[in-house]
Amino acid sequence: MDERPPNSPWLALPAVASAGAAVIHAITAGTHADLPGLARVFLVMAVAQAAASIVGLVRSDRLAVGALVAVNGVAFAAWVVTRFAGVSFVDGLEVAQRPGRADTTAAVLASAAIVGAVSGRYLRAATRAPRAIGISTVMLGVLMVPGLAAALDHDHTAHTDHADHDDTADHAVTADTAAVHDHADPSSGSVAAVAGSPAPADVLAAHDHTESPTDTVAGDHTTHTEEAALAADPGAWPRPWDPTAPIDFSGVAGVTAEQQQRAEELVAATLRDLTQFADVATLPALGYRSIGDAGTGFEHYISTARILDDKFLDPTAPESLVFAVEGDDRTLVSAMFIAKETPIDDPSLTGFAGPLMQWHVHDNLCWGLDDLGQPVVKGLVDPVDGSCPPGTINAGGENPMVHVWIAPHECGPFAALEGHGAGQASVSDGVRMDQCDHGAHGDTAATDDHAGHAAADTKPYDPDLPIDLGGVDGVTPQQQAFAENLVGATVRDLPQWQDLDAVEAAGFQSIGDAATGHEHYIQWEWIDDDTILDPDFPESLVFETRPDGSKQLVSAMFMMPSGTPLDDVPDFGGALMQWHVHGDLCFTADPVAPRVGGVKQVGTPCPAPLVDGTMSPMIHVWITKHPCGPFAALEGVGGGQVPDGEAILCDAAHGAH
């Protein structure tokens with residue numbers, strides 16, 4: 001039987017502890033205004049804990065005890081759950097959160113309220129309310145200082161405060177979190193276990209990301225392109241990626257501090273750990289095999305065992321490795337992490353890094369077996385009936401994937417490849433965050449200056465409007481007229497080749513490069529005839545391959561006779577028209593329909609049984625809008641080699657903006 005008077009203040013300490021937790025939750029709700037659902041959760045919890053606190057201060061009965069225990073019990077349980085699992089229906093809590101100073105302080109205060117309320121009746125309570133409340137308030141103040149500092153410091157827009165980096169000036173990533181997730185065994189000795197673990201400062205000192213890229217000075221590794229992009233829009237995403245520069249993904253709209261931190265830690269861990277797979281000769285013994293796509297300029301090596309295991313975003317056990325191909329050389333440039341049989345919009349994927357990371361699938365690939373019985377990509381599904389060629393199957397579309405680049409990339413650290421390499425995402429291509437305007441297209445001013453173009457008084461190229469290629473310094477009226485007439489004639493006459501049946505009936509043969517996103521059909525007999533730059537008799541036709549398997553004619557590729565030196569091509573259009581060659585491609589030895597079988601270093605022979613292709617200067621004329629104007633080359637390997645002393649031309653002055 002309780003001998004204390006009904007108004008004895010023995011619930012003062014738990015009541016004030018509940019009030020302190022309420023204050024932290026109220027402040028946190030305000031700092032999460034960009035996530036309304038999460039802010040409402042914090043606000044409701046703050047009101048409930050404040051109400052329980054008031055009840056505990058004015059009453060000393062079972063109702064007060066029950067209120068303090070129930071409300072703070074819910075708060076503490078929610079904190080525990082969100083540290084180990086995600087809450088799919090609350091934005092910002094889709095995946096497990098790492099403990100921070102503010103939320104941990106609130107959890108400690110909630111647990112103190114519970115313990116105090118339950119055990120207070122069996123402790124010797126103070127008999128005078130002022131003394132009890134005073135002692136409680138002092139204790140509360142000591143407990144709340146770190147939590148309030150963290151909550152007030154949290155800027156959800158700039159994301160400048162990373163939880164649990166409180167005493168680490170360099171915000172370096174720890175070895176404990178390198179792999180981000182290891183669902184199989186967090187203590188198994190793999191480099192990292194759970195997303196958001198703390199980490200030592202000596203691991204990646206070179207990747208100190210407390211300093212904004214815009215603050216770097218001469219001697220730092222931040223690229224001019226990245227500086228220009230951040231100066232124009234500090235919150236822009238994707239940004240050009242330089243793995244030697246500080247890792248800083250801050251300021252991106254819709255990205256929580258936890259998502260930013262997870263993304264930065266994943267990239268840092270991948271930079272550190274992925275290089276153990278750099279020697280392609282060691283991959284077969286590790287269970288990795290090529291999928292036979294070296295002809296695209298990038299070759300993927302995949303481990304089926306890694307796809308089927310329980311590890312997720314672990315650079316010590318990546319599902320796929322991506323190598324840049326140059327002849328017989330292979331350079332490791334990226335990991336491609338693959339989630340096992342997971343919906344592409346699953347919160348565990350979309351919530352991991354928010355808009356920073358775009359997951360994609362490949363649901364239109366047809367797989368078959370190579371000569372050694374290994375699965376390789378054989379082609380694309382038929383756009384009409386969705387079927388694959390005989391002997392192949394459509395597979396893999398249920399496994400979302402994302403790249404993490406350890407090499408520079410103009411479209412950011414999580415960039416997809418181009419063309420069919422980009423796969424299919426859950427959002428439209430226009431809003432994908434793993435694609436961009438691709439280098440030469442992005443910095444119009446720099447490109448114009450480099451090419452000697454005067455952007456003033458120029459009009460963007462639009463095939464539906466009168467062709468006007470004026471405004472370029474050094475181009476004579478005759479050269480401008482020639483270029484405009486060629487483009488106009490091509491826009492008018494080339495569509496006669498839109499029908500693939502007619503194309504093949506006329507003797508055009510695919511060179512097998514559809515996987516790049518653009519497929520070239522060549523009429524080999526027309527290369528050495530007496531006709532050049534004639535859209536009625538184009539040496540090559542370029543079709544854009546769509547995700548659904550359909551193909552659209554987008555460009556002619558006119559070719560000079562075989563063996564014509566690049567320097568001997570007549571100066572038809574001056575600075576408007578830049579010709580190129582391909583001395584880096586190897587073809588099959590088929591005398592009728594040779595296909596691209598790989599790439600090599602310029603000046604070196606092709607490995608047998610592949611052979612060198614025809615060295616014919618060539619130039620595109622686009623009948624669709626293009627960011628680099630009507631004569632733009634393709635990107636990457638497709639750009640070929642241009643005359644000595646020249647850079648690949650991007651006529652951004654006439655490009656579609």
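For the structure itself, consult the block above.
Analysis parameters
- Residues numbered from 1 in each chain as written.
- Predicted model: local features only at pLDDT ≥ 70, side-chain atom pairs only at ≥ 80, totals over all residues.
- Heavy atoms only, no water.
- Buried < 20%, exposed > 50% of the residue type's maximum accessible area, 1.4 Å probe, protein only.
- Helix = DSSP H or I, 4+ residues; strand = E, 2+ residues; numbered from the N terminus.
- Pairing = 2+ DSSP bridges.
- Salt bridge = Lys/Arg side-chain N within 4 Å of Asp/Glu carboxyl O.
- Contact = heavy atoms within 4.5 Å.
- Axes fitted to C-alpha atoms, helices over the stretch in contact; angles between N-to-C directions.
- Patch = residues over 30% accessible without salt bridge, like charges linked within 9 Å, V, L, I, M, F, W, Y side chains within 5 Å.
- Areas by Shrake-Rupley, 256 points an atom, 1.4 Å probe, with all protein chains shown as cover.
- Lys, Arg positive; Asp, Glu negative; His and termini not counted.
- Charge placed at Lys NZ, Arg CZ, Asp CG, Glu CD.
- Expected span 1.5 Å × (residues − 1).

A few words on the pairing of strand β7 (residues 365-369). Along β7, four of the five residues are buried, which leaves the element largely enclosed by surrounding structure. Of the pairings in the sheet, the one linking β7 to strand β9 (residues 393-394) comprises two bridges and is antiparallel in character. Residue pairing in the sheet places Trp 367 in a bridge with Ile 393 of β9.

For the rest of this paragraph, the subject is the sheet that holds strand β17 (residues 611-612). In spatial order, the strands read β16-β15-β17; together these three strands make up an open sheet with antiparallel pairing. If you trace the sheet from one side to the other, it starts and ends with β16 (596-599) and β17, each paired once. Here strand β15 (residues 585-587) pairs with β16 via three bridges, running antiparallel. By the bridge assignment for β16, Cys 586 is matched with Gly 598.

This part is about the pairing of strand β3 (residues 298-302). Among the five residues in β3, four count as buried, and that is most of the element. Bridge count between strand β2 (residues 289-290) and β3: two bridges; the pairing is antiparallel. Directly across from Arg 289, in β3, lies its bridge partner Ile 302. Looking at chain direction, β3 and strand β5 (residues 320-326) are connected through five bridges and run antiparallel. Counted as the bridge partner of Phe 298 is Ala 324 from β5.

Right, let's talk about the pattern of salt bridges for a bit. Scanning the model with the defined rule gives 10 salt bridges in all. The salt bridge partner of Asp 61 is Arg 59, with a shortest N-O separation of 2.4 Å. Given a relative accessible area of 23%, Asp 61 falls into the partly exposed group. Asp 434 serves as the salt-bridge partner of Arg 432, at 2.8 Å between the closest nitrogen and oxygen. Asp 434 matches Arg 432 in its accessibility class, with the two residues each being buried.

Turning our eyes to something else, we now look at the sheet that holds strand β6 (residues 329-338). Taking strand neighbours across the sheet as the criterion, the five strands line up as β2-β3-β5-β6-β10 in an open arrangement whose pairing is antiparallel. In this open sheet, the two edge strands, each paired with only one partner strand, are β2 and β10 (401-405). Note: β6 against β10, five bridges, orientation antiparallel. The partner of Phe 337 across the bridge, within β10, is Val 402. Along the sheet, helix α7 (residues 257-273) makes contact with β6 and β10, crossing β10 at roughly 65°.

What follows is about a negative patch on the surface. A cluster of acidic residues, Asp 567, Asp 568, Asp 644 and Glu 646, forms a negative patch at the surface. Positionally, Asp 567 belongs in the loop between β14 (551-559) and β15.

Our next topic: helix α4 (residues 101-119). Since one α-helical turn is 3.6 residues long, residues separated by three or four positions face the same way. Helix length check: α4, at 19 residues, gives a terminal C-alpha distance of 27 Å against a target of 27 Å (1.5 Å per residue), a fit within 8%. Listed in full, the buried residues belonging to α4 are Ala 102, Thr 105, Ala 106, Ala 107, Leu 109, Ala 110, Ala 113, Ile 114, Gly 116 and Ala 117.

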